[in-house]
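Inside the fold
Each chain is listed here by its residues.
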Amino acid sequence: MTVSDDPIALSAADLPVDGAELAAFIAAKLCHDFISPAGAVVSGLDLLDDPSAQDMRDDALGLIRQSAAKMVALVHFARVAFGAATSSEQFSGAELHGLVTGLTEGGRATLDWRVGDQVFSKIQARALINLAYLTVSALPMGGTAVVTIRREGGQMLLVGSAEGARARLKAEAVVGLKGERLTEGLAGQWIQPYWLWLTAHEAGGRLNLAVEDGRVALMASLPDADAGSGDVEPTLR
């Protein structure tokens, strides 16, 4: 399956959800993401306070440290991926790599970050880390997620390729990546893909998706002020 859409100008009335509803979906996702490590911190503290569980003190401290680190990684990622609560106008490839690995390390998939020492604007950074995270998430059984950058025809192309056993996207994610409203399924699985689609379109770009046996590929093409103009049609490969 291959999905490609045109970079048409969209008004607020054209979008499947309005601003308030979009904010509610994102807030719900972030609450869902934070509740697990927050709950683990509380569980660790409860163990420390339990006189009958003092033999588990080291385990409790380890749980607290690990969960607190996960929460910090979520905050740093979310500020760039979903919000504007950062004074930075530009981000290095190394900074963005750190944001993605902070969430994905320890999982079954391996992230192969081939971005190099490039500098990205806020909108490019937002698109890149969301695309990278979704690429890794397409490998629940493990595999390699390769993230690359290239420039063609006045466009910056952000490409994620996930290859591995049972590489797949959930149905909700496909709906979001097509820029469509979710009518059934879990909104938490839909909102981040839809946010990536919206980010690309509001920047005047487009989003392509290709799914085949053992491989999922995503490509966001964004206008690149540093590249020359041209009429080359970007393609997934």
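Report on the accompanying structure. Not measured: the values here are computed from a predicted model.

Another aspect to go through is the overall build of the chain. A count of helical and extended segments in the chain gives six helices and eight strands. Counting from the amino terminus, helix and strand elements in the chain follow one another as β-α-α-β-α-β-β-α-β-β-α-α-β-β. Going through the 237 residues of the chain one by one, you find that 45% of them count as buried. By sequence separation, contacts in the chain at least 24 residues apart represent 68% of the contacts at least 6 residues apart. Per element, the accessible surface of the chain, about 11900 Å² overall, is 53% carbon and sulfur.

Right, let's get into the nonpolar core. In this structure, Leu-96, Trp-113, Leu-128, Leu-158, Leu-169 and Tyr-194 are the most contacted members of the largest nonpolar core, which totals 57 residues. If we ignore the near neighbours within four places in the chain, the residues touching Leu-128 are Leu-96, Trp-113, Val-115, Phe-120, Val-147, Ile-149 and Leu-158.

Before going further, it helps to spend a moment on the side chain of Lys-29. Along the chain, Lys-29 turns up in helix H1 (residues 19–49). Residue Lys-29 is classed as buried on the basis of its relative accessible area of 12%. Beyond its immediate stretch of four places on either side in the chain, Lys-29 contacts Phe-82, Ile-191 and Gln-192.

Next up on the list: the pattern of salt bridges. When their charged atoms lie close together, side chains carrying opposite charge are able to pair. Counting across every chain of the model gives eight salt bridges. In this structure, Glu-152 engages Arg-150 in a salt bridge whose closest nitrogen and oxygen atoms are separated by 2.8 Å. Residue Arg-150 is classed as buried on the basis of its relative accessible area, which comes to 19%. One salt bridge in this structure joins Lys-178 and Glu-180, with 3.8 Å as the shortest N-O distance.

Within this model, the largest pocket holds a volume of roughly 1100 Å³. Forming the walls of the largest pocket are 38 residues, and the residues nearest its centre are Lys-29, Asp-33, Tyr-133, Ser-137 and Gln-189. Going through the elements one at a time, H1, helix H2 (57–81), helix H3 (93–104), helix H4 (122–137) and helix H6 (187–202) are the ones with two or more residues in the lining of the largest pocket. Taken together, the residues of the lining of the largest pocket break down into 20 nonpolar, eleven polar and seven charged.

To continue, consider H1. Across its 31 residues, H1 extends 44 Å between first and last C-alpha, which sits within 8% of the 45 Å expected from 1.5 Å per residue. The largest bend along H1 measures about 30° and falls at Ile-35, with the proline Pro-37 one to four residues further on. If you follow the buried residues of H1, they end up packed against H2 and H6. Residue Asp-18 occupies the N-cap position of H1, its side-chain oxygen lying 3.3 Å from the main-chain nitrogen of Ala-20.

The rules we used
Residues numbered from 1 in each chain as written. Predicted model: local features only at pLDDT ≥ 70, side-chain atom pairs only at ≥ 80, totals over all residues. Heavy atoms only, no water. Helix = DSSP H or I, 4+ residues; strand = E, 2+ residues; numbered from the N terminus. Buried < 20%, exposed > 50% of the residue type's maximum accessible area, 1.4 Å probe, protein only. Contact = heavy atoms within 4.5 Å. Areas by Shrake-Rupley, 256 points an atom, 1.4 Å probe, with all protein chains shown as cover. Core = buried A, V, L, I, M, F, W, Y, C linked by side-chain atoms within 4.5 Å. Salt bridge = Lys/Arg side-chain N within 4 Å of Asp/Glu carboxyl O. 1 Å grid on protein atoms, 1.4 Å probe; cavity = no way out; pocket = protein on both sides within 12 Å on 5 of 7 lines; lining within 4 Å. Points joined across faces, edges and corners; volume = space filled by probe spheres on them. Nonpolar A, V, L, I, M, F, W, Y, C, P; charged D, E, K, R; others polar. Expected span 1.5 Å × (residues − 1). Bend = angle between axes of the 7 residues up to and from the residue. Polar contact = N/O pair within 3.5 Å; in protein donor to acceptor, adjacent residues only side chain to side chain.

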